Amino acid sequence: MHFFLFSDTSFWIKFFTECGIPAGEATNYAIIFTDHRIQKDMLIDLTKEYLKEMGITVLGDVIGILKHAKEVHSQVNIFDTFHQS
């Protein structure tokens, strides 16, 4: 179980740093996403309200996360479609 949590947290740290969020805050957000059991396939469902409920309120971070979530969701769908063929 701990391996999966570490793996999930690592994914989210990478995700948040790709959004341009500073490393320390990216780690905090990654832990929040892991604690709330946010999965990659949920990215398309993220809203500013959900982020606010989780305590992510810095407007620039919220905008960056939502934009990057759309991009990553598209990439995951393309990857999944390619590998299912």
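Residues numbered from 1 in each chain as written. Predicted model: local features only at pLDDT ≥ 70, side-chain atom pairs only at ≥ 80, totals over all residues. Heavy atoms only, no water.

Draft legend 1. Structural view of the nonpolar core. Ranked by size, the top nonpolar core spans 20 residues in total, and within it F15, F16, F33 and I65 carry the most contacts. The element contributing the most residues to this core is helix α2 (residues 23-35), with five residues. Look past the residues within four positions of F33 in its chain and what remains in contact with it is W12, F16, I38, L46, L51, M54 and I56. (Core = buried A, V, L, I, M, F, W, Y, C linked by side-chain atoms within 4.5 Å. Buried < 20%, exposed > 50% of the residue type's maximum accessible area, 1.4 Å probe, protein only. Helix = DSSP H or I, 4+ residues; strand = E, 2+ residues; numbered from the N terminus. Contact = heavy atoms within 4.5 Å.)

Draft legend 2. Inspection of the environment of A26 at higher detail. Along the chain, A26 turns up in helix α2. Taking relative accessible area as the criterion, A26 reaches 0% and is therefore assigned buried. A26 sits ten residues away from F16 along the chain, and the two C-alpha atoms are 5.1 Å apart. If we skip the residues at most four places from it in the chain, A26 touches I13, F16, T17 and I21.

Draft legend 3. Summary view of the side chain of T34. Topologically, T34 is positioned in helix α2. Here T9 takes part through its side chain, which lies 3.1 Å from a polar atom of the side chain of T34. For T34, the side chain forms a polar contact with the main-chain oxygen of A30, separated by 2.9 Å. (Polar contact = N/O pair within 3.5 Å; in protein donor to acceptor, adjacent residues only side chain to side chain.)

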